[in-house]
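Take a look at the letters that make up each chain.
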Amino acid sequence: MVTGKMQRAAIDGGTFVAVVGPSGAGKDAVIGYARSRLGGDPRFHFVRRVITRPCDGQSEIHDTMDVAQFHAAEAAGHFALTWRAHGLLYGLPATVDALIAAGRTVVANTSRGAIDALRGRYRRVEVAEITAPPQILAARIAARGREGGDDVRRRLASRPAAGGRVIDNSGPLEEAGEQMLGLLRATLPPAT
């Protein structure tokens, strides 16, 4: 289930960069690398998601709501986009719309199932698909300690490609991070 506020026309101005990939691929690490290298450049905004899971300090920093709070915030229009994955609810704050309209490049860890909704909502959407070999994914998922056995196998089940730029994060983080930086910088208008 992916939901968003109804739009008459796609919001123009900036670019939404949807970062997708399987659990354990290192999406948050690659995003964090890019965020740290851009040094607060105001042309870029990295979205802090809302998730119905406590923040564990090991993965991304996110805002936490329980399910009732999430549904109330969704009904009140506090999200630009919401989706369900892995038994949790995820939301992107409504402020994303204003950032895109203001010409910013907005970066968020999203679900591949949300890409069509994002493309309907924003005129320019780029997809960065972070990947790694299955054995690396399994080791990273196990190291988090949130899932085991069958849950890990379900998360590693084959999924179709997302249709964007593929970034392999099986080597040093700097390699994948520099590829992400290149993608983000390419979203900016040419210098005049």
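Above this text is the structure in question.
Residues numbered from 1 in each chain as written. Predicted model: local features only at pLDDT ≥ 70, side-chain atom pairs only at ≥ 80, totals over all residues. Heavy atoms only, no water.

1. Comments concerning the nonpolar core
Counting residues in each nonpolar core, the largest one holds 22 residues, and the members touching the most others are Val19, Phe46, Val107, Ile130, Met180 and Leu184. Non-local contacts of Val19, meaning those with residues more than four positions away in its chain, are made with Lys27, Ile31, Val107, Ala108, Asn109, Thr110, Ala128, Ile130 and Met180. One finds Phe16, Leu99, Leu118 and Val125 within the second-largest nonpolar core, a separate group that totals 21 residues. (Core = buried A, V, L, I, M, F, W, Y, C linked by side-chain atoms within 4.5 Å. Buried < 20%, exposed > 50% of the residue type's maximum accessible area, 1.4 Å probe, protein only. Contact = heavy atoms within 4.5 Å.)

2. Details of the packing of helix α1 (residues 27–37) against helix α7 (residues 173–186)
Between α1 and α7, the shortest axis-to-axis distance is 8 Å and the interhelical angle comes to 65°. Crossing handedness for the pair α1 and α7: right-handed. For the pair α1 and α7, contact is made by Ala29, Val30, Tyr33, Ala34 and Arg37 and by Leu173, Glu174, Ala176, Gly177, Glu178, Met180, Leu181 and Leu184, respectively. (Axes fitted to C-alpha atoms, helices over the stretch in contact; angles between N-to-C directions. Helix = DSSP H or I, 4+ residues; strand = E, 2+ residues; numbered from the N terminus. Left-handed = near helix turned anticlockwise from the far one by under 90°.)

3. Re the pattern of salt bridges
Side-chain pairing between opposite charges can occur once the charged atoms of the two side chains come close. Summed over all chains, the structure comprises six salt bridges. With a closest N to O distance of 2.9 Å, Arg48 and Asp63 form a salt bridge. Note that Arg48 is positioned in the loop between β3 (44–46) and β4 (50–51) and Asp63 in strand β5 (residues 63–64), a separation of 15 residues in sequence. Ionic pairing is found between Asp97 and Arg121, a salt bridge with its closest N-O pair at 2.6 Å. Residue Asp97 is found in helix α3 (residues 95–101), and its partner Arg121 is found in helix α4 (residues 115–121); the two are separated by 24 residues along the sequence. Take Asp97 and Arg121: they sit in the same class, and that class is buried. Bridged by salt links that share partners, the residues Asp12, Arg123 and Arg124 form one connected network. (Salt bridge = Lys/Arg side-chain N within 4 Å of Asp/Glu carboxyl O.)

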